[in-house]
Every structure is written in structure tokens, then in C-alpha cells.
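# Observations on the three-dimensional arrangement
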Amino acid sequence: MAVAETQLYAKVSNKHRSRSTSVLLESLLAKGFPAHIAQKALAATGQKTVEEAAKWLHSHCNDPSLDDPIPQEYALYLCPTGFLHNYLLEFWKESKRQCGKNRAHEVFPHITLCDFFTCEDQKVELLYDTLKRVGESFSQRFPPSISLSLHSSTSYLGFFIDDRHANILKEFAQAFSSEASAVADCHVKPCLKQLHLTLSHKFSPHHQKTLEQLAKCINPGETCQWVAALYSRDMRFVHYQTLRALFQYKPQNIDELMINAGDFIYVDPTQQSDVSKGWVIGTSHRTGCRGFLPENYTERANESDTWVKHREYVFVTASRLFAQTENEPNVKTNGEVQSPSMSRSVTKVLSLQNAALRRGVLVMRHGERVDQVFGKSWLQQCLTADGKYYRADLNFPSTLPKRKDSMKHFEYDPPLSCCGIFQSRLIGEALLDQEVTVSYVYSSPALRCIQTAQHILQGLKLDQKVKIRVEPGLFEWTKWEASRVIPNFMTVRELVEASYKIDTSYRGNFPLSSLVPSESYEEYVSRSSAVIKQIIAACPSKGKGVILIVGHGSSLASFTRPLIGLPTRGSKDFAQVVRKIPSLGMCFCEELKEENKWQMVNPPVKTLTHGANAAFNWRNGIVED
């Protein structure tokens with residue numbers, strides 16, 4: 001009876017619900033689409049419905065590659081579902097939060113059965129038939145559960161499949177490979193090496209122990225239904241980065257790309273060197289068109305976000321059927337079915353996280369500086385003939401703080417713009433919303449950094465409780481100073497008189513006199529490493545408060561890498577990284593006191609993204625031709 005029920009359930013589960021490819025193709029041909037283009041649309045959308053294929057065709061009407069006979073690439077994966085899948089997704093989320101993104105996050109949890117291969121568009125349906133036939137022939141041999149054992153190294157963490165079960169999976173992959181190669185005339189290569197389910201790959205070695213602790217919260221014997229699924233991807237963009245559009249962008253010039261929020265864009269990293277700062281050139285996944293787009297309108301997406309799922313075969317065993325009805329009391333949370341054991345696992349992960357974490361260090365670049373908007377000659381735009389300051393644009397600060405020496409010193413120690421002030425306060429408010437407790441604030445002596453720290457504290461409603469410690473050692477790499485001399489910063493007394501909340505009792509680790517013009521990269525790295533260690537040592541380790549450090553774009557790498565034990569970058573790579581750090585860009589490190597180390601995790605708030613707003617003269621184009 002159990003075998004009969006299993007066969008019946010499998011037939012229902014794997015029934016081909018959508019119309020056949022021939023019916024879909026005939027419908028598209030009736031709409032006037034050429035056969036080769038219609039087949040291309042069906043392959044690109046998983047051959048599901050006429051509507052999806054027709055929508056793809058209309059979106060790609062201006063795609064220059066529409067007529068090119070470029071097939072999709074296909075892969076056969078064995079994917080977990082059910083409670084084990086929920087465990088794995090929780091691990092994906094926590095490992096990314098605590099240790100940052102690694103190579104495994106690019107794809108969903110899976111065991112690779114057949115790696116990517118090409119198949120002509122008109123023969124893809126033969127792959128579907130092959131998957132169904134081979135799946136049915138192995139349905140009685142498929143193991144009731146797959147034995148998984150955890151394996152760890154300095155760059156890999158995952159589950160290895162027990163040899164007894166792996167041999168059955170390899171036979172299934174071999175059978176699919178042989179039949180698909182024969183009937184669809186394509187070269188399919190089965191995976192015959194050690195079968196595995198990757199958890200983390202190509203991560204920093206110092207994250208290994210944390211990842212192992214999280215992985216041990218996964219119960220590999222948890223109930224699972226396995227599904228053999230056929231996925232496809234666009235073979236032209238295999239080695240590209242995938243970006244996701246956060247906002248709509250309407251082109252201002254003919255060479256720019258139209259994007260909608262949620263669009264995916266393929267970007268070739270090797271083609272960006274000649275592109276203007278703040279822009280990238282890419283190809284839209286939705287339309288196939290290519291052009292320039294603003295980089296800050298996008299975020300990194302996962303490689304598999306653009307993959308298409310075609311067909312699947314669900315392996316249903318008798319033990320699975322009875323186990324589901326007898327041993328799985330389901331709890332519905334947020335629309336998803338979860339088990340009490342799953343909830344316990346999540347709790348365990350979170351309790352592990354909270355038990356291990358201690359202090360936090362939030363390193364942040366200052367807000368938008370006034371010369372960033374108005375150029376190096378900004379001060380000349382704001383001075384009257386008798387040397388008095390006036391506000392030439394609403395983005396200039398309403399006033400400048402008083403200083404005893406010449407106002408011209410602001411030229412090399414510029415303040416924040418009004419937008420920079422708004423940015424800083426907004427970040428402070430966001431930190432307050434996330435209930436981040438800032439216990440100490442350190443700032444570079446640059447006025448823009450002190451102002452950023454002040455307005456963040458105001459947003460946090462801590463400006464009357466926490467004072468700013470001005471640390472000269474936090475100043476940026478002096479080689480990058482345009483004046484080739486150390487700027488004449490405002491004194492602590494002048495800052496206090498200007499109502500900045502400065503800790504007057506603090507004595508910096510590096511006096512101003514120790515900053516030398518045009519220091520070497522090695523000198524800057526040494527200074528940064530020393531000052532971050534001294535700051536950590538000066539802040540008591542008993543509490544869980546955050547140490548906020550407001551510095552420069554260079555600060556994010558130069559202070560966090562030595563803290564988490566990463567080696568120094570080369571000066572050229574360092575400069576490339578710093579160039580891409582926006583105003584209020586931030587990095588967050590948390591202390592694992594039991595392990596006597598720090599790790600980098602996602603910041604408590606997102607960074608702020610906005611577009612440019614150029615100066616406008618109403619005469620041009622409105623009154624005058």
C-alpha cells in the first residue's frame with residue numbers, strides 16, 4: 001500500500017501542469033513572431049506560459065542580440081525543501097550578517113548533479129522529458145533521507161554526501177546525462193566527484209570558527225523532500241557582476257540605460273576603467289539593451305537572481321509520506337510553515353550570536369563636504385569684497401564657525417554642506433531607530449568630521465550625554481592633501497566656543513605635531529593600525545556600547561582591516577577601494593571576546609543614496625534662447 005501511495009503521489013507532484021512547448025510555440029507564431037525568436041523567448045522564460053514569453057519579447061524589442069543564435073546554459077541541481085531548507089536559509093542569512101557575503105551566497109542551497117551545459121532552444125523540451133523519465137525510473141531507489149556530514153577547511157564549509165547515498169545520486173546524474181546528450185544532441189557532464197552541499201566558500205580564514213558554530217545549529221537529519229530541478233542562465237554574462245536597480249533611472253543622454261526599480265543589470269568589471277566616476281556601463285537583463293547608468297542607483301545582487309527554473313522532479317518516498325503526517329506538527333509563522341525544532345534552531349543561532357558579541361566599532365566617512373559640490377574655489381564664491389561670508393547657494397552652510405586666524409584656512413579644512421548636515425542627522429536618527437547605543441565618539445580633527453559626529457549625536461539624541469574626542473591620528477593619508485601641508489585645524493577651544501560638544505579632557509594618541517605632510521603609505525598604515533588599537537584599549541570592554549569613529553574614506557579600510565586581522569592592501573588597490581566609498585559610507589566590527597578577536601558584520605543601518613542636483617539658472621532656456 002505504501003509503495004502504491006508513493007507512486008500515485010509522485011505522479012501528481014510531477015505532473016506537467018503547463019501546456020506543452022508545441023502549443024506555446026504555435027500561440028506565439030500565431031501572434032506573428034518568427035519561430036527562432038519565439039523559441040528563444042520560451043527558453044529564456046522557462047517555457048511556462050505564452051504571456052510570459054510575449055512579455056519577454058516586447059521587453060526585448062530593442063535588444064541588439066535578439067536574432068543571435070545564442071542558446072541558454074542549463075544545470076541540474078538537487079535542491080532541499082521543507083525544514084532542512086529553512087535551516088539552510090537561516091544559516092545563509094546569519095552567516096552573511098555576521099561574516100559578510102561569501103561565494104556560497106551567490107546561489108541557493110543545492111547539490112550539483114550536472115554542471116552547466118548548452119542546449120539549442122528548440123530542443124529544450126527534450127530535457128524536460130528526460131528529467132521526467134529518469135526521475136520516474138529512480139523514484140523507488142531514491143534514499144528516504146540523505147546522510148550529510150559537516151566538512152570544514154580554511155576556505156570551504158559544507159556537507160559531504162555519504163558514499164552510499166552519493167552513489168545513487170551519481171547514477172541518477174549519469175542516467176540523465178547520457179539520455180539528454182543522446183536525445184537533445186548536447187554535451188552533458190555529470191558530477192562524479194565528491195557530492196556536496198556548500199554552506200560557505202572563499203571566506204576569510206578568521207571567519208571559519210564563527211561559520212562552523214552557525215553550521216552546527218543546522219540539523220542535517222531534519223525532514224527534507226529533495227527536488228531535481230533544471231535551471232538556466234544567459235551564457236554571455238557568466239563572468240559578469242549582477243546588479244539590482246534600487247530606483248528608476250530615465251536616460252538624459254542617448255548612451256544611457258533606462259532602468260526600473262528591481263531590474264537586474266550585468267556589468268563587466270574589466271570594462272569600467274574608462275567610465276566616468278560614479279557611473280557603470282552594463283546590459284539590462286529585462287531588455288537586453290546596453291548603456292551607462294549611475295552606480296549609486298544599484299546594489300550587488302546574487303548570481304542566481306537572474307536564473308530561470310524550468311522543470312523539476314520531486315522525489316517522494318513512502319517514509320517521507322508517513323513521516324510528514326505523523327511526526328511534523330506544523331506551526332505557521334508569517335505565511336511560512338515552520339516546525340518547533342526550526343524555531344528552536346533560530347533561537348539557538350541568535351542566542352549564540354548574542355552570547356559571543358561584545359563591543360562594536362562603527363567606522364564612518366564624513367558627510368558631503370562643501371568643496372565636493374562647489375569645487376576647490378568654493379570659499380571665493382562666498383566672500384564679499386571686504387572678506388565677509390555670505391550664503392551663495394542654499395547648499396552652502398548658513399554660517400561658518402568663528403576662528404581666530406584667517407577664514408582662508410577653511411579652504412583646506414572645509415565644512416559640511418547643508419546636505420551633508422542633513423545626511424549626518426539622518427544617519428543618527430536611523431541609528432536611534434535601530435536602538436544602537438553609542439558610548440564613545442572619536443573624530444578626525446577635520447572640521448567636516450567633527451560636524452558629522454555632532455549631527456549624528458543630535459540624531460541619536462545623545463549630544464548632551466556623549467562628547468566628541470578629537471583624535472589627530474584619525475586624519476586621512478596626508479599624501480592626499482592638495483595643499484601638501486597639514487591643514488590648520490580649528491583648536492579645541494574654538495570648537496567649544498562654536499558649540500561643538502568636545503571632550504576637552506581628552507588627549508590624543510597622536511599629537512597634531514606628529515602628522516607629517518606627504519607621509520608614505522607604510523607610515524599611514526602604521527599610524528592607522530596603532531591608533532585603532534589605542535582607541536580600543538582606552539574604551540572599557542565590559543559594556544556592549546558602540547565606539548563611533550568618524551573619519552575619511554580611507555578610514556574604513558585602514559582602521560578595520562588591522563582590527564579584524566586582515567593584511568594590508570597594496571597602495572593601488574587601497575586607492576581604488578577608497579574612491580568608491582560614498583559620504584557616510586560605513587563599516588561595522590563586533591568583538592568576539594571569548595575568541596579574543598573582532599569580525600566585520602553588516603552595519604546596523606544602510607548607507608544613504610541620493611542623486612545629484614545641478615545648479616539652475618532660470619534665464620537659461622526659460623527666458624533666453
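Residues numbered from 1 in each chain as written. Predicted model: local features only at pLDDT ≥ 70, side-chain atom pairs only at ≥ 80, totals over all residues. Heavy atoms only, no water.

### A word on the packing of helix 5 (residues 83-99) against helix 8 (residues 208-215)
Here helix 5 crosses helix 8 at 155 degrees, and the two axes come no closer than 10 Å. Regarding the angle of helix 5 to helix 8, the classification is roughly antiparallel. As for how helix 5 packs across helix 8, the hand of that crossing is right-handed. Together, Phe91, Glu94, Ser95, Gln98 and Cys99 of helix 5 and Thr210, Leu211, Leu214 and Ala215 of helix 8 make up the contact between the two elements. The residue inventory of the contact of helix 5 with helix 8, partitioned by class, reads five nonpolar, three polar and one charged. (Axes fitted to C-alpha atoms, helices over the stretch in contact; angles between N-to-C directions. Helix = DSSP H or I, 4+ residues; strand = E, 2+ residues; numbered from the N terminus. Parallel < 35°, antiparallel > 145°, perpendicular 65-115°, else oblique. Left-handed = near helix turned anticlockwise from the far one by under 90°. Contact = heavy atoms within 4.5 Å. Nonpolar A, V, L, I, M, F, W, Y, C, P; charged D, E, K, R; others polar.)

### Brief notes about the pattern of salt bridges
Overall, the coordinates contain 23 salt bridges when judged by the stated rule. A salt bridge links Arg141 to Glu171; the shortest N-O distance between them is 2.6 Å. You can see Arg141 sitting in the loop between helix 6 (124-138) and strand 3 (148-152) and its partner Glu171 sitting in helix 7 (residues 163-183), a full 30 residues away along the chain. Where salt bridges share partners, they join Glu73, Arg103, Arg233 and Glu303 into one cluster. (Salt bridge = Lys/Arg side-chain N within 4 Å of Asp/Glu carboxyl O.)

### Looking at the packing of aromatic side chains
Summed over all chains, the structure comprises 29 aromatic pairs. Measuring from centroid to centroid gives 4.8 Å for Phe108 and Tyr231, while their planes differ by 35 degrees, and the two rings are tilted. Of the two residues, Phe108 is situated in the loop between helix 5 and strand 2 (111-119) and Tyr231 in strand 6 (residues 225-234); the sequence distance between them amounts to 123 residues. Relative to Tyr521, the ring of Trp477 lies with its centre 5.2 Å away and its plane at 55 degrees, an arrangement referred to as tilted. Here Tyr521 lies in helix 16 (residues 521-538) and Trp477 lies in the loop between strand 17 (468-470) and helix 15 (492-497), a separation of 44 residues in the sequence. Of the two residues, Trp477 and Tyr521, both sit in the buried class. The ring of Phe116 is capped by Arg233, whose NZ or CZ atom sits 3.6 Å from the centre of that ring. When the ring centre of Phe410 is taken as reference, the NZ or CZ atom of Arg403 above it lies at 5.1 Å. (Phe/Tyr/Trp six-rings, centres within 6.5 Å; stacked < 30°, edge-to-face > 60°. Buried < 20%, exposed > 50% of the residue type's maximum accessible area, 1.4 Å probe, protein only. Lys NZ or Arg CZ within 6 Å of the ring centre and 35° of its normal.)

### What about helix 7?
The terminal C-alpha atoms of helix 7, which comprises 21 residues, lie 30 Å apart, in line with the 30 Å expected from a rise of 1.5 Å per residue. All of the buried residues along helix 7 are His165, Ala166, Ile168, Leu169, Lys170, Phe172, Ala173, Phe176, Ser177 and Ala180. Capping the start of helix 7 is the job of one residue whose side-chain oxygen sits 3.1 Å from the backbone nitrogen of Arg164: Asp162. Just downstream of helix 7, Asp185 is the residue with a positive phi angle, here 55 degrees. (Expected span 1.5 Å × (residues − 1). Polar contact = N/O pair within 3.5 Å; in protein donor to acceptor, adjacent residues only side chain to side chain.)

### Overview of the confidence of the model for the chain
Caution is warranted with low-pLDDT regions, since their predicted coordinates should not be read in detail. With 88% of its residues at a pLDDT of at least 70, the chain reaches an overall mean of 87. Within the model, pLDDT remains below 50 along residues 1-13, and this stretch shows 17 contacts once partners closer than five positions in the same chain are excluded. Here residues 318-357 scores under 50 on pLDDT; set against residues more than four positions off or in separate chains, the count is 64 contacts. (pLDDT = per-residue confidence, 0-100.)

### Section: the side chain of Ser139
With respect to the helices and strands, the residue Ser139 is situated in the loop between helix 6 and strand 3. When sequence neighbours within four positions are dropped, the list of residues in contact with Ser139 reads Tyr313 and Phe315.

### Regarding the pairing of strand 1 (residues 72-81)
The element strand 1 is extensively covered by neighbouring structure, given that nine of its ten residues are classed as buried. Pairing of strand 1 with strand 6, which is carried by ten bridges, proceeds in the antiparallel orientation. Among the inter-strand pairings, Tyr77 is bridged to a residue of strand 6, identified as Ala229. Pairing of strand 1 with strand 2, which is carried by six bridges, proceeds in the antiparallel orientation. Within the sheet, the bridge partner assigned to Tyr77 lies in strand 2 and is Thr112. (Pairing = 2+ DSSP bridges.)

### Remarks on the environment of Leu84
Looking at the secondary structure, you find Leu84 in helix 5. Aside from chain neighbours lying at most four places away, what touches Leu84 is Leu148, Ile218, Asn219, Pro220, Glu222, Thr223, Cys224 and Trp226.

### A look at the pairing of strand 9 (residues 279-284)
Within strand 9, five of the six residues are buried, which leaves the element mostly enclosed by the surrounding structure. Looking at chain direction, strand 8 (residues 264-267) and strand 9 are connected through three bridges and run antiparallel. Counted as the bridge partner of Val267 is Gly282 from strand 9. Strand direction decides the pairing type here: strand 9 and strand 10 (residues 290-294), joined by five bridges, are antiparallel. Bridge assignment links Ile281 to a residue of strand 10, and that residue is Phe292.

### What about the sheet that holds strand 9?
Ordered by their spatial adjacency, five strands build an open sheet running 10-9-8-7-11, and the pairing between neighbours is antiparallel. With partners counted over all chains shown, the strands left at the sheet margins are strand 10 and strand 11 (298-300), one partner each. Mean inter-strand twist for the sheet, computed between neighbouring axes without regard to direction, equals 45 degrees. Taken together, the four bridges between strand 7 (residues 241-245) and strand 8 define a ladder with antiparallel strand orientation. By the bridge assignment, Thr242 is partnered in strand 8 with Tyr266.

### A word on a nonpolar patch on the surface
On the surface, Phe616, Trp618 and Ile622 cluster together to form a nonpolar patch covering roughly 420 Å² of accessible area. Take Ile622: it is sitting in the segment after strand 20 (597-601). Exposure remark for Ile622: the relative accessible area of 62% places this residue in the exposed category. (Patch = residues over 30% accessible without salt bridge, like charges linked within 9 Å, V, L, I, M, F, W, Y side chains within 5 Å. Areas by Shrake-Rupley, 256 points an atom, 1.4 Å probe, with all protein chains shown as cover.)

### Examining the packing of helix 16 against helix 17 (residues 555-564)
Closest axis-to-axis distance for the helix 16/helix 17 pair is 9 Å, and the angle between their directions is 65 degrees. For the crossing formed where helix 16 meets helix 17, the hand is right-handed. Within the contact between the two elements, helix 16 uses Tyr524, Ser528, Ser529, Val531, Ile532 and Ile536 and helix 17 uses Ser555, Ser558, Phe559, Pro562 and Leu563. When grouped by side-chain class, the residues that make up the contact of helix 16 with helix 17 number seven nonpolar, four polar and no charged.

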